[in-house]
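Summary of the model geometry
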Amino acid sequence: MNKKFGYQKGKLRCKVTRQLSKENLPEHIAIIMDGNGRWAKAKKRPRLFGHNAGMKTLRKIVRASSDAGIKILTVYAFSTENWKRSQEEVDGLMNIAVEYFKKEVGELHENNVRIQVIGDVNGLNHKVQKAAQNAMDITANNTGLIFNVALNYGSRDEIVHAVRALMVQGVLPEEVTEERLNAELYTKGLTDPDLLIRTGGESRLSNFMLWQSAYTEFFFIDTYWPDFDKDTYYNLIEVYQKRNRRFGTA
Ligand code: FPP
């Protein structure tokens, strides 16, 4: 095995890649990318150093999701509560978002990935809105992985937004159904996450996909997001593939 180039000697020069079984593959994976700050602190570096490293991990995980044939990947990149962080960190995260969309859109488009942003987009600064919109426009007709980036996203805000939309439409109380509410969420048209991973050692949802995760399988792992890798990701998917989901049935 040639480690540097990732192919086996004497065989075709194709990359040797780990394959996941297609059986019981999760359709939608949601990820809370936590631990960037602590990862940076452990290295005596500023928090933004951690977020930049987190962006690199995100690139690998999007690629790994697309390679595995996952249909939808949703990542929690900036919450409605994250505005309470220092101005320096907020500005840095917004710059990372712009850089991410600009740099990644080409490769994602080549790989048939469709980029979507979920959350209160109007609350984001103009540069982020423009970069996100451009990435969404370029990839709008792609039919591979749907990659949702949750930015200025909060589940409670999302539900309030959906209820308001129903009221504006004049929907009567007896006409309010789960389906109608679902159709007004930022995630409209998408299936609920089958599997949710939170890195960074905390076991909570932090206002992420509260409605959508009613029957999601959760994995809370200690690894900080910058240290998360494809192998760990695929290992978790394999554990998920063995789980027995009953959706409330006996
Ligand atoms: C949580 O870790 C992480 C975030 C709030 C930001 C996540 C951002 C990235 C992974 C970079 C890619 C971003 C975009 C927009 C594409 P934390 O800072 O709360 O970590 P801590 O709990 O250790 O302090």
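Residues numbered from 1 in each chain as written. Predicted model: local features only at pLDDT ≥ 70, side-chain atom pairs only at ≥ 80, totals over all residues. Heavy atoms only, no water.

Comments concerning the overall build of the protein chain
- Within the protein chain one finds seven helices and six strands.
- Here the C-alpha coordinates of the protein chain stretch approximately 70 × 50 × 35 Å along the principal axes.
- Relative to its full complement of 250 residues, the protein chain shows a buried share of 46%.
- Taking all contacts inside the protein chain whose residues are at least 6 apart in sequence as the whole, residues at least 24 apart take part in 76%. (Helix = DSSP H or I, 4+ residues; strand = E, 2+ residues; numbered from the N terminus. Buried < 20%, exposed > 50% of the residue type's maximum accessible area, 1.4 Å probe, protein only. Contact = heavy atoms within 4.5 Å.)

Here we look at empty space enclosed by the protein
- In total, this model carries three cavities of 30 Å³ or more according to the counting rule given.
- Size it by volume and the largest cavity reaches roughly 60 Å³.
- Every residue lining the largest cavity is listed: Val 62, Arg 63, Ser 66, Asp 67, Glu 107, Leu 108, Asn 111 and Val 113.
- Mapped onto the lining of the largest cavity, the elements with two or more residues apiece are α2 (47-68) and α3 (87-110).
- In terms of residue count, the dominant contributor to the lining of the largest cavity is α2 (four residues).
- Of the residues assigned to the lining of the largest cavity, the class counts are three nonpolar, two polar and three charged.
- By volume, the second largest cavity amounts to about 40 Å³.
- The residue makeup of the lining of the second largest cavity, split by class, is three nonpolar, five polar and one charged. (1 Å grid on protein atoms, 1.4 Å probe; cavity = no way out; pocket = protein on both sides within 12 Å on 5 of 7 lines; lining within 4 Å. Points joined across faces, edges and corners; volume = space filled by probe spheres on them. Nonpolar A, V, L, I, M, F, W, Y, C, P; charged D, E, K, R; others polar.)

Focus: the side chain of Glu 217
- Relative to the assigned elements, Glu 217 resides in strand β6 (residues 217-220).
- Classification of Glu 217 by relative accessible area gives buried; the value is 15%.
- When neighbours within four sequence positions are excluded, Glu 217 is seen to be in contact with Asp 194, Leu 195, Leu 196, Tyr 240, Arg 243 and Arg 245.

Some points on unusual backbone geometry
- Even without a glycine there, the phi angle at Asn 24 is positive, about 60 degrees.
- Looking at the secondary structure, you find Asn 24 in the segment before β1 (28-32).
- Looking at Asn 24, the relative accessible area reads 40%, which means it is partly exposed.
- A positive phi angle, close to 50 degrees, is found at Met 209, a residue other than glycine.

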